[in-house]
Amino acid sequence: LGDGTLLRNMGDTFGFHRLALEDVANIGQRPKIEEYDSHLFLVLAIIRSGTPPEYEQISMFMGEGFVVSFQERAGDCFDGVRKRIRQGGGRIRHVGADYLTYALLDSVIDSYFPLADQYEERLDALEEEVHARPTPTCLQKLHSLKSEVRAVRRKIRPLENALVHLIGEQCSLIGQEASTYLRDCQDHLLRILELLETYEEDASELMDFYLSAMSYRMNEVMRVLTVIASIFIPITFIAGVYGMNFQWMPELGWGLGYPTALGLMGTIAVGMLFFFKKKGWF
């Protein structure tokens, strides 16, 4: 893509629009489909799984009798299409360039399904982890997953509007049969978008569940600490009073003074425990 001379020569040979060639060289374009007088220009995105996922721009030109594609680097999801072309079986060798464009577009969209399956597996694992033993690490993983899913959905959503426009306008370069197949591509893309939206919502719900679980655990801890503090407040008061050792206290000259004080403290503690249990506070 960095060879400007090659791009210009390709453009002169096939009559590609200059603005479309600029989009080929400037990667990071939104997925789109543009119609020119003699050809269609498509920008697609291949998404490779990872954390975060890697995006690669695929640019394609389709005209009468040709399809030209540009990629950033080697490796793609078109091996199935290449195999069908080399074997010579099926329809792909006997129909027009519009059908080949559909086949390439369908391969790109179908490559999103394994990525969605990976998100589903990660979400299921995080769900089990959150329900079993929620930790701050779970929240970080959920936030990362939600951000990835949202980024992928935003990356491929513009392609939906482009397909709707292409199918609805009845482009002269797209035959009726290829248009029917493109509707199937549109259905697959809608399924992917719905799955990603569902996963994003599930991640949000798990984050809410995590926060609720943490709040519940904190409330349980605070309740136990409050009960313990409530029991020791009167006991501490009694111990403090008897610890002053005033001469006029009759217990100072009484041999059972300390056992009586300890018994009083124990009675108060047991009585408060019984009261708390009766109220259902623990």
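A few points on the structure.

Criteria and cut-off values
- Residues numbered from 1 in each chain as written.
- Predicted model: local features only at pLDDT ≥ 70, side-chain atom pairs only at ≥ 80, totals over all residues.
- Heavy atoms only, no water.
- Phe/Tyr/Trp six-rings, centres within 6.5 Å; stacked < 30°, edge-to-face > 60°.
- Helix = DSSP H or I, 4+ residues; strand = E, 2+ residues; numbered from the N terminus.
- Lys NZ or Arg CZ within 6 Å of the ring centre and 35° of its normal.
- Pairing = 2+ DSSP bridges.
- Axes fitted to C-alpha atoms, helices over the stretch in contact; angles between N-to-C directions.

1. A closer look at the packing of aromatic side chains
Applying the stated criterion to the full structure yields nine aromatic pairs. An angle of 85° between the planes, with centres 5.3 Å apart, marks the rings of Tyr99 and Tyr181 as edge-to-face. Here Tyr99 is found in helix H4 (residues 97–110), whereas its partner Tyr181 is found in helix H7 (residues 176–243), with 82 residues between them in sequence. Counting every residue linked through ring pairs, the aromatic cluster contains Phe14, Phe16, Phe41, Phe61, Phe66 and Phe70. In this structure, Arg91 is placed above the aromatic ring of Tyr99, and the distance from its NZ or CZ to the ring centre is 5.8 Å. Looking at Lys155, its charged tip hangs above the ring of Tyr55, at a distance of 5.5 Å from the centre.

2. Some thoughts on the sheet that holds strand S1 (residues 32–35)
The strand order across the open sheet formed by four strands is S1-S2-S3-S4, and the pairing between neighbours is antiparallel. Edge positions in the open sheet fall to S1 and strand S4 (66–71), since each of these has one partner strand only. Ignoring which end each strand starts from, the neighbouring axes of this sheet average 15° apart.

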